[in-house]
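Secondary and tertiary structure notes
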Amino acid sequence: MVSAVLNWSCIYFRVVREGKAVGTVKPSYFAEAILTLGNKPFSLAGRNYLRFVHDSIHPNIILRTGRQVEKSTTLAVHMLTRALLIPYFNALYVSPSSKQTRIFSSQKLNTFISGSKFIQQFYLDSSCVDRVFEKSFTNQSRIVLDYVYNTPDRVRGISADSVYVDEVQDIPKDFLPVIFETMSHSQYKWRLLAGTPKRYQNTIEYYWGLSSQTEYAIKCDSCGHWNILDERNVAKEGLVCSNCHSKLNLSNGQWVNTKRDFTFKGIRIPQLIVPWIKWKDIWEKHEEYSSAQFYNEVLGMPYEDAARPFTKGDLIAACENRPFLNGFDGQYFSGERLYLGIDYAPGGTMGDTAYTVVVIGGFVGDVFKVVYAKRYKGIESDLTDVAEDVVRLVKQFNVALVGADWGIGSGGTNQLLRKLLGSAERVVEFYHSGSQNALIKWDSQGYKFTLNRTDAMSTVMLKIKEKKITFPKWEYWEPFADDFLNIYQDYSEASRRIIYDHESTDDTFHALLFAYFVGLMEKGMLDKYFSKVV
């Protein structure tokens, strides 16, 4: 029997045979003893920084790395050692796409499993599962491999003890809480996130901001300056001190936390410290790559801000000289109807990651005027209470239709809304798709409309800039403005599309989007068949 034991510096496993402790083993040494890589024994010689990752006691780890520094290999070894050493252990691997997960399964995980005589002899028999997306072992441990291409719904219902999120920079930040919930009943709840940074406003940078931001610091023999490695240390002759430009000795380095308080143990691994990459190759990359590519691929650092669709000035310009309304104003909206949009957060709220938000507005001519917004916090964020409050607002503002988020609302909140309103037709559900080409499609099986997420968001952004969507006075709208300013534009390698992501909350924007689109549809301003706003 094997049991996990923690001490002040690392995790090790106590091996018990016939009721007696017969020894201990750290995961990194266990991996070296049983695994092979490229027909040679797996070894961490010269790369003790990876041993630290494998043996760390911290339940939350994030690796911010350059390319080709053994990131995926490290994930495979980490999850495999836990699954083998802990009976009944469930590991979940997640990447942005099916292709990436298949490659990891076949080129990383399968290579270790099939190449280990120890695993073949002691952990596998005919009862074990060996599929691309699932591996199991005779100790009843299991590794599930999945992907979240345009929705995290694929991992709902999976139970895990540890989660491994690969290429996290290409996964929307609001997917991560759903992935983490797979560990809600586990006694372990270990998280390992890994990726190569792009720009500053990105999922990996959000979690890096919550981390220790541990860096490999090298002391200069000549001037005594401690160097945290970046582009200033790169010269044609080799790794140099950023202060005096003398050559640096890699062996003079040590890992240092640059933040005192943290949730994740964060480790940056640049190509500069990897023993098998020749300096000649690094210098060629420095000369040939763009600055962004060199920072991302070689240094494992972000480069420049991503493009932002909104400025504060854009939002102020869209504000009019009017307050929020407390109810339906028949004189202001003469002969018109109001529409309510609601964007849900899991459980009603996810701290500073997401809130449930309601936005109400209506058309005056061809201009959609927002008249009310509410963010649900604390005890009022329970989704049952939210549904009851939405019914109150529907009556108070004489709302014609509700445009609702399908993803979380489909769990029962939208059904409750229909019941409380006494009408199924007054609640129109929307689902954001990252893959469909049409702006909008009707899903007859799911009884919802699917929107092309990027195109729908671009439509609302354009209308705000054209002042075809307007807001109350800035003093009323400013508390909701960050939900627009947090949005940034990025390029997804997984889908090969321009996408919109967010560094913090963006719920008000999506609540507005649902209100706007349900209003367009009801007024005949959106041609559902030709997928365009008319």
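For the structure, check the block above.
All of these numbers come straight from a predicted model, not from anything done at the bench.

**Side note on helix 14 (residues 453-465)**
Over its 13 residues, helix 14 runs 19 Å from end to end, which matches the ideal 18 Å to within 8%, given 1.5 Å per residue. Within the sequence span of helix 14, burial applies to Arg-453, Thr-454, Ala-456, Met-457, Thr-459, Val-460, Met-461, Lys-463 and Ile-464. Of the residues that open helix 14, the one with a side-chain oxygen 3.2 Å from the backbone nitrogen of Thr-454 is Asn-452. With its phi angle positive at about 60 degrees, Lys-467 sits one or two positions after the end of helix 14.

**Brief notes about the pattern of salt bridges**
With the rule as written, the count across this model stands at 29 salt bridges. As a salt-bridge pair, Arg-51 and Glu-32 come within 3.1 Å of each other at their nearest N and O atoms. Residue Arg-51 is located in helix 2 (residues 48-55), and its partner Glu-32 is located in helix 1 (residues 27-34); the two are separated by 19 residues in the primary sequence. Residue classification places Glu-32 among the buried positions, given a relative accessible area of 19%. The partner of Asp-389 in a salt bridge is Arg-392, and the shortest N-O contact between them spans 2.8 Å.

**A word on helix 9 (residues 291-299)**
Considered for burial, the residues of helix 9 that qualify are Phe-294, Tyr-295, Asn-296, Val-298 and Leu-299. As for helix 9, its buried residues are in contact with strand 6 (60-65), strand 15 (234-235), strand 18 (265-269) and helix 8 (279-288). Just past helix 9, the residue Gly-300 takes up positive phi, approximately 65 degrees.

**A few points about the sheet that holds strand 23 (residues 427-433)**
Ordered by their spatial adjacency, eight strands build an open sheet running 24-25-23-22-19-20-21-26, and the pairing between neighbours is mixed. In this open sheet, the two edge strands, each paired with only one partner strand, are strand 24 (440-443) and strand 26 (469-470). Sheet topology places strand 23 next to strand 25 (residues 448-452); four bridges connect them, and they run parallel. In the strand pairing of strand 25, Tyr-431 is matched with Thr-450. Sitting on the sheet, helix 11 (residues 383-396) is in contact with strand 19 (338-343), strand 20 (356-364), strand 21 (367-376) and strand 22 (399-405), with an inclination near 145 degrees to strand 21. Contacts from helix 13 (residues 413-421) reach strand 22 and strand 23 within the one sheet, and its direction differs from that of strand 23 by about 165 degrees.

**Some thoughts on unusual backbone geometry**
Positive phi, normally seen in glycine, also occurs at Gln-68, with a value near 60 degrees. For Gln-68, the location among the structural elements is in the loop between strand 6 and helix 3 (71-85).

**With respect to the packing of helix 14 against helix 16 (residues 507-522)**
Where helix 14 meets helix 16, the closest approach of the two axes is 10 Å, and the angle between their N-to-C directions is 90 degrees. The angle between helix 14 and helix 16 places the two elements in the roughly perpendicular class. The residues of helix 16 that touch helix 14, namely those facing Arg-453, Ala-456, Met-457, Thr-459, Val-460, Met-461, Lys-463 and Ile-464, are Phe-509, His-510, Leu-512, Leu-513, Tyr-516 and Phe-517. Of the residues belonging to the contact of helix 14 with helix 16, the class tally is ten nonpolar, two polar and two charged.

**Topic: the nonpolar core**
Grouped together as the largest cluster of nonpolar side chains are 60 residues, with contacts concentrated most on Leu-35, Leu-80, Ile-119, Phe-137, Ile-143 and Leu-272. Broken down by element, this core gets its largest block of residues, eight residues, from helix 3. Those residues within four positions of Leu-35 in sequence are excluded, and the remaining contacts are Pro-41, Phe-42, Val-77, Leu-80, Phe-112, Ser-116 and Ile-119. Within the second largest apolar cluster, 47 residues are counted, among which are Tyr-355, Val-357, Tyr-516 and Leu-526.

**Side note on the packing of aromatic side chains**
Applying the stated criterion across every chain yields a total of 36 aromatic pairs. Seen from their ring centres, Phe-89 and Tyr-188 are 5.3 Å apart, and the 70 degrees between their planes marks the pair as edge-to-face. Taken as a pair, Phe-89 in the loop between helix 3 and strand 7 (90-95) and Tyr-188 in the loop between helix 6 (176-180) and strand 12 (190-195) lie far apart in primary sequence, 99 residues in all. For Phe-89, a relative accessible area of 0% corresponds to the buried category. According to the relative accessible area criterion, Tyr-188 is partly exposed, its value standing at 21%. Counting every residue linked through ring pairs, the aromatic cluster contains Phe-310, Phe-324, Tyr-372, Phe-397, Phe-471, Tyr-476, Trp-477, Phe-480, Phe-484 and Phe-509.

Conventions we followed
- Residues numbered from 1 in each chain as written.
- Predicted model: local features only at pLDDT ≥ 70, side-chain atom pairs only at ≥ 80, totals over all residues.
- Heavy atoms only, no water.
- Helix = DSSP H or I, 4+ residues; strand = E, 2+ residues; numbered from the N terminus.
- Expected span 1.5 Å × (residues − 1).
- Buried < 20%, exposed > 50% of the residue type's maximum accessible area, 1.4 Å probe, protein only.
- Polar contact = N/O pair within 3.5 Å; in protein donor to acceptor, adjacent residues only side chain to side chain.
- Salt bridge = Lys/Arg side-chain N within 4 Å of Asp/Glu carboxyl O.
- Contact = heavy atoms within 4.5 Å.
- Pairing = 2+ DSSP bridges.
- Axes fitted to C-alpha atoms, helices over the stretch in contact; angles between N-to-C directions.
- Parallel < 35°, antiparallel > 145°, perpendicular 65-115°, else oblique.
- Nonpolar A, V, L, I, M, F, W, Y, C, P; charged D, E, K, R; others polar.
- Core = buried A, V, L, I, M, F, W, Y, C linked by side-chain atoms within 4.5 Å.
- Phe/Tyr/Trp six-rings, centres within 6.5 Å; stacked < 30°, edge-to-face > 60°.

Everything listed is a geometric property; what it means functionally is a separate question.
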